[in-house]
Amino acid sequence: MPFPRIKSPRQLYAEVKSYDRVITPDGPLASALNRHLDRSHLGPFAIPPRRLAIGRRQESEDRLAFLEMLDHEDISWKRCAYAVGNILQCWEHQRSHDAIFEYDGYVDDATERTVERIGKLETASMKLANETIDPDLDVIVVEPEMLTQLERAYLPSKYDTVDLFTDTEFELPPFRIHDSSTAIVETILDSITDANADNVGIVLDQKSEYSPLIESALEAADIPFFGGPGFTDRSEHRLFLHLLRTAHRGSDIRVSEIRSLLTVFDCDVDDCDTDKRLHELDDGDLAWLVDFCHDIQEYTFSDALSEFERRADNTLDVFREELETLTIADEYVTEARVDELSFYLQTYEVPIDRENEGVLLADAKSASYVGREVVFYLGLDDRWTHSAPRRPWVDQDAQFTRNLKSFQLLLQSGNQQHYLVQDATGGSPVTPCLYFEELLEVEYNRFSDLPSTSHQIQTAAQAGDAFEKEPVDVSSEPVETISKSSLNTYVNSPRDYYFSRIVDDPEKAYLTEGSLLHDFAEFYVNHPDAVDEETLSEVVDLMLEEVRPLIRSVDERTCRTEYRASLEAIVSYLDANPPTDGAFLAPSSGGDNAVAAHFDRDVGAPVTEHQFTDEELGINGMIDLVQSQRELLDYKSGSENSATSIVKHAAILEPTDEPDFQTLLYLTYWRSQLPSEQLSFTLFYVTELVDDVIAGDVDVDDALTTVTYYPESLTEHVQREEFFEYLREEGAQKCQKILSKIDYQTYAALFDAAPLVETTDSDELIESEFGHTMIDRLEAKIGEYKYVATGSKQLMRKIADRQKGAFFKSDLDVFESFVDERLTELNRRRAGDEKFPIEGLAGEPNYRRVDNRDLLLEGEQ
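First, a word on scope: everything that follows refers to the structure included in this document.

## Topic: the side chain of Asp-273
Part 1 of the argument: Examined against the element boundaries, Asp-273 turns out to sit in the loop between α12 (259-264) and α13 (287-294).
Part 2 of the argument: Residue class for Asp-273 comes out buried when judged on its relative accessible area of 13%.
Part 3 of the argument: Within the structure, Asp-273 has its side chain in polar contact with the side chain of Lys-276 (distance 3.0 Å).
Part 4 of the argument: Filtering out sequence-adjacent residues up to four positions away, Asp-273 remains in contact with Val-255 and Leu-281.

## Describing the packing of aromatic side chains
Centre-to-centre distance and the angle between the planes together describe a pair of aromatic rings.
Part 1 of the argument: Under the counting rule described, the total for this entry stands at 47 aromatic pairs.
Part 2 of the argument: Pairing Phe-523 with Phe-599 gives two aromatic rings, centres 5.4 Å apart and planes at 25°, and the pair type is stacked. Taken together, the residues span a long stretch of sequence, with Phe-523 in helix α22 (residues 509-526) and Phe-599 in the loop between α25 (594-598) and β16 (608-614) at a distance of 76 residues.
Part 3 of the argument: Among the aromatic residues, those joined into a cluster by ring pairs are Phe-175, Tyr-377, Trp-384, Phe-400, Phe-407, Tyr-419, Tyr-435, Phe-436 and Phe-447.
Part 4 of the argument: Just above the ring of Tyr-787 sits the side chain of Lys-737; from NZ or CZ to the centre is 4.1 Å.
Part 5 of the argument: A cation sits over an aromatic face here: Arg-853 above Tyr-847, 4.0 Å from the ring centre.

## A closer look at the sheet that holds β16
Part 1 of the argument: Taking strand neighbours across the sheet as the criterion, the six strands line up as β16-β17-β18-β19-β20-β21 in an open arrangement whose pairing is mixed. Here the strands that pair on one side only, and so sit at the sheet edges, are β16 and β21 (806-808). Neighbour-to-neighbour, the strand axes of this sheet turn through a mean angle of 35°, independent of strand direction.
Part 2 of the argument: Bridging between strand β20 (residues 704-710) and β21 involves three bridges; their strand directions are parallel. Bridging across to β21, Thr-708 finds its partner in Ala-806.
Part 3 of the argument: Relative to β21, helix α36 (residues 809-830) is tilted by about 75°, and along the sheet it contacts β17 (619-628), β20 and β21.

## Quick look at the packing of helix α4 (residues 61-72) against helix α6 (residues 109-119)
Part 1 of the argument: The contact between α4 and α6 brings their axes to 10 Å, and the two run at 110°. When the axis of α4 is compared with that of α6, the two are roughly perpendicular. In this structure, the crossing between α4 and α6 has a hand that is right-handed. Counting all contacts with α4, which are made through Ala-65, Glu-68, Met-69 and His-72, the residues of α6 involved are Arg-113, Thr-114, Arg-117 and Ile-118.
Part 2 of the argument: Its residues assigned to classes, the contact of α4 with α6 comprises three nonpolar, two polar and three charged.

## Overview of the pairing of strand β12 (residues 416-422)
Part 1 of the argument: The element β12 is extensively covered by neighbouring structure, given that five of its seven residues are classed as buried.
Part 2 of the argument: Taken together, the five bridges between strand β11 (residues 374-378) and β12 define a ladder with parallel strand orientation. Looking at β12, one finds that Tyr-377 is bridged to Tyr-419.
Part 3 of the argument: Handedness of the β11-helix α17 (residues 396-411)-β12 crossover: right-handed.

## Thoughts on the packing of helix α34 (residues 769-782) against helix α35 (residues 786-804)
Part 1 of the argument: The N-to-C vectors of α34 and α35 enclose an angle of 135°; their axes lie 9 Å apart at closest approach. Judged by the angle between their axes, α34 and α35 are oblique. The handedness of the crossing between α34 and α35 comes out as right-handed. Only Tyr-787, Val-788, Ala-789, Ser-792, Lys-793, Leu-795 and Met-796 of α35 make contact with α34, whose side of the interface consists of Phe-770, Gly-771, Met-774, Ile-775, Leu-778, Glu-779 and Ile-782.
Part 2 of the argument: Its residues assigned to classes, the contact of α34 with α35 comprises ten nonpolar, two polar and two charged.

## Quick word on the nonpolar core
Part 1 of the argument: Phe-520, Phe-661, Trp-670, Phe-684, Phe-807 and Phe-815 are the most contacted members of the largest nonpolar core, which has 82 residues in total.
Part 2 of the argument: For this core, the element with the highest residue contribution is helix α24 (residues 556-576), accounting for nine residues.
Part 3 of the argument: Excluding anything up to four places from it in sequence, Phe-661 contacts Leu-487, Asn-488, Val-491, Ala-650, Ala-651, Ile-652, Phe-815 and Phe-818.
Part 4 of the argument: Of all hydrophobic cores here, the second largest spans 80 residues; its members include Ile-47, Leu-128, Ala-329 and Tyr-344.

## Points about the pattern of salt bridges
Part 1 of the argument: One pass over the full model with this rule turns up 45 salt bridges.
Part 2 of the argument: Of the charged contacts in the structure, one is a salt bridge between Arg-311 and Glu-307, with a shortest N-O distance of 3.1 Å. Here Arg-311 pairs with Glu-307, and both are found in helix α14 (residues 301-312), just four residues apart, close to one helical turn.
Part 3 of the argument: For Arg-311, a relative accessible area of 30% gives the class partly exposed.
Part 4 of the argument: Glu-307 sits in the buried class, given a relative accessible area of 13%.
Part 5 of the argument: Salt bridges linked by common partners bring Asp-252, Arg-277, Glu-280, Glu-545, Arg-548 and Glu-556 together as one network.

## Observations regarding the environment of His-418
Part 1 of the argument: Along the chain, the position of His-418 falls in strand β12.
Part 2 of the argument: Along the backbone, His-418 and Ala-247 are 171 residues apart, and their C-alpha atoms lie at a distance of 46 Å.
Part 3 of the argument: Leaving out residues up to four positions away in the same chain, His-418 has contacts with Arg-176, Val-374, Val-375, Phe-376 and Tyr-377.

## A look at a negative patch on the surface
Part 1 of the argument: Judged by side-chain charge, Asp-266, Asp-268, Asp-270, Asp-285, Asp-504, Asp-505 and Asp-851 come together as a negatively charged surface patch.
Part 2 of the argument: Assignment of secondary structure puts Asp-504 in the loop between α21 (494-500) and α22.
Part 3 of the argument: Since its relative accessible area comes to 57%, Asp-504 is described here as exposed.

## Digging into the sheet that holds strand β9 (residues 225-226)
Part 1 of the argument: Pairing is parallel in the open sheet, where seven strands are placed in the order β9-β10-β8-β11-β12-β7-β15. At either end of the open sheet lies a strand with only one pairing partner, and these are β9 and β15 (452-454).
Part 2 of the argument: Pairing analysis gives two bridges linking β9 to strand β10 (residues 359-363), with the strands arranged parallel. Bridge assignment links Phe-225 to a residue of β10, and that residue is Val-359.

## As for helix α11 (residues 235-247)
Part 1 of the argument: Given a rise of 1.5 Å per residue, 13 residues ought to cover 18 Å, and the 18 Å separating the end C-alpha atoms of α11 matches this to within 8%.
Part 2 of the argument: When we look at burial in α11, the residues that qualify are His-237, Leu-239, Phe-240, Leu-241, Leu-243, Leu-244, Thr-246 and Ala-247.
Part 3 of the argument: Tucked inside the fold, the buried residues of α11 contact α12, α13, α14, α15 (317-325) and α16 (335-347).

Parameters and conventions
Every chain is numbered independently, its residues counted from 1 as its sequence is written. Since the coordinates come from a predicted model, pLDDT governs what is reported: local features require at least 70, and pairs of side-chain atoms require 80 or more to be given and counted, while whole-chain, interface and lining totals use all residues. The basis for the side-chain values is all heavy atoms of the structure; hydrogens and waters are excluded. Only runs of H or I of at least four residues qualify as helices and only runs of E of at least two qualify as strands under DSSP, and these elements are numbered from the N terminus. The classification of residues rests on relative accessible area computed with a 1.4 Å probe and restricted to protein chains. Under 20% of the type maximum is buried, over 50% is exposed, and intermediate values are partly exposed. Think of a polar contact as two N or O atoms within 3.5 Å of one another; within protein, one of them needs to be a possible hydrogen donor and the other a possible acceptor, and neighboring residues in sequence only count if both atoms come from side chains. What makes two residues a contact is simply this: any of their non-hydrogen atoms within 4.5 Å. What counts as a ring pair is set by centres within 6.5 Å for rings of Phe, Tyr and Trp (its six-membered ring), and what kind of pair is set by the plane angle: stacked under 30 degrees, edge-to-face over 60, tilted for all other angles. A ring has a charge above it when a Lys NZ or an Arg CZ is no more than 6 Å from the ring centre and no more than 35 degrees off the ring normal. Between any two strands, at least two bridges found by DSSP are needed for them to pair. Every axis in this analysis is a line fitted to C-alpha atoms, fitted for helices over the stretch in contact. Angles between the N-to-C directions lie between 0 and 180 degrees. Any angle that falls under 35 degrees is termed roughly parallel, while one over 145 is termed roughly antiparallel, one within 65 to 115 roughly perpendicular, and all others oblique. Definitions for this section: a left-handed crossing has its near helix turned counterclockwise from the far helix by less than a right angle. A right-handed crossing has that turn clockwise. For this classification, Asp, Glu, Lys and Arg are treated as charged, while Ala, Val, Leu, Ile, Met, Phe, Trp, Tyr, Cys and Pro are nonpolar and the rest, including Gly, are polar. With strands facing away from the observer, any crossover in which the path from the first strand over the helix to the second runs clockwise is taken as right-handed. Take the buried residues of types Ala, Val, Leu, Ile, Met, Phe, Trp, Tyr and Cys, join any two whose side-chain atoms come within 4.5 Å, and each joined set is a nonpolar core. Salt bridge, as used here, is a side-chain nitrogen of Lys or Arg placed within 4 Å of a carboxyl oxygen of Asp or Glu. Residues qualify for a patch when their relative accessible area is over 30% and they have no salt bridge, like charges being joined within 9 Å and the nonpolar side chains of Val, Leu, Ile, Met, Phe, Trp and Tyr within 5 Å. Here the Shrake-Rupley method, with its probe set to 1.4 Å, supplies the accessible areas, and only the displayed protein chains count as covering residues. Under the counting rule used here, the positive set is Lys and Arg, the negative set is Asp and Glu, and His together with the chain ends is not counted. Charge coordinates come from a single atom per side chain, which is NZ of Lys, CZ of Arg, CG of Asp or CD of Glu. Any helix carries an expected span of 1.5 Å times its number of residues minus one.

This is the structure:
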């Protein structure tokens, strides 16, 4: 994959060494030429136009012009920055600082005042526009196409030119494909030492993930580097801005959003409080921060910075100087001023003192040449492509040519070039930089379509460099039983299950709400006479008090309405469906119940919150309500699911990405108490009735989903006369018609001719031998009418539907074996015989149901 080779600094020097001045398009290229200077020379030799014009390295002109406007004009910061940016850009392309007046759409009062101010500044651009290089000097220009129009205006009337590129071809080294950005950084770190750091350059998009990774890796390895984080990138500066923004966020700011601040302030907050609102936390360590946020309007920027310095035990002298430069140090910290300060720091590069030692970090969009022996290029993706300014004064073709030549020069910097890339991220291919389309003569969509090599980094454990292990003579205690929630998590992702056992989860609003609704339901079953309108209002207040730190303040009124409606729905259901006497159950001592504790009452009815642990079955759980000896009920605060959906997500042979084994697990346990009985498990979605309660039209049945267990096979079940009568009443029209023409004995005989295929796929059943035989027999009995075939198919669909929405004996038998297999597997992994994999039984985990996403490392097994 060749394209034109650049001349080496030595080659280029040989062609230009006789000249007085060598004008280069890039500062580092000029430095490389100057290092070859082998004779005494008066004045600069190789130098970019701007540095020659001003005689020194100048700060960015856009910031200087912006600060000049702040000092003398009363214009909003964003409007001022917009005008400055347009004027300087137009100047660069059209050679005159007032050239923007030729473009009416970009001229307003702010623009006119800015042009006037800029015209009075002594800048490199003004010298480029008004002066020229001494015509008595012998001048040569390196690759003049890479100079802007303003830079060309500075050239003398007569000068020579020299090409930067040769007629020979540069053979692009193969791309080195790695699995992740972390792997790329590790590869580089293995190649750099303190001794060779001055010979190494790294080119990357400074806004990409590579920038913080490489900076932190070099810092951790005590390898010096420069050219990386600027003024705004310094962590202490970002954190101070974060503090100011936090103070203006109001009372809804959550602990999770200010973790970095709490860390620098050395404030410890329990993990369970992560999702709570800062202003609702009763924590002495955070009282000063809450007060600071409340009183922010009384602080000046200088005062706020002093408070930050004191709490962070750090000194931000440079930031204080910049506040004074902006003349806002003594202004009050208003939200508008914070926004303007943030905008300024994002827009302009504030100069900082750097020690130019160690590894050079160069931005792919700013650098054209890296004067280092070894150069690593990270990413090389479409983020390396320049976005040409969409302004009428820009010659797009000329701009593209400059960018393309700059890219070619950059790619050939150094004596050794290493292109480290990823072929895909997040399952999507990485698009190479668009300039490759102009330089390469092959078609490609991703890096692996081009000459490349794949590399895999050996982990510390594989290399034998992991943490040392000391054997301990302790065996892991086996898990004897598992709950429905743990089983759901384990089946989705064993690794997530593992972390859920050792990492505390933050308290969630919906979990707290659900727990309190459960507590009220239990309380009402135990003390129905103690609940009246006043009691319900008091329970709503209690719920709000508990949940307030977890919800937005604007949502409190809505929550109050929803809580009241949910409580009334529970009362309506229990009044209409009181549980039977629980004499058949063991007495209960009652557990923790916030509602009962609030009213100083006991809750000991055995039918509520019935806990069970069955080591023989390997399961444990808590039944919300034993409605009767054969009926169980569970309160739900989420969205309603159908019986079909519940059975589907309890599948074992073909697990879904939303595993939920609660109903199956509870019915399995209850079957052990009543082995030959038909059982039911009802889910009461108490929050589903909120709108109906508010409208005064409540039908509790609308919020109930019941899944039935039949202690027999599907074949046995559908042959029963009860199912025959169900089809006559609930079947589709044609199904009811054909059954009205036969008796039960004829129906039962349909199952003798061929075995029933027990499936949830109705088409499979219809096309089976049983299906064809059924249609043939009914046509023989009733007549070969079209409705007979249609009705027969409707009947078989009802059979498949029954399989979809209920559990049968074999389902629970298989589940018992499934639990045994999972516990055996789980204990094998706990003993260290194998890892807890990320992937669950359905393959890649459903990350929406993962609690510890940050701990599941991409690419690991």
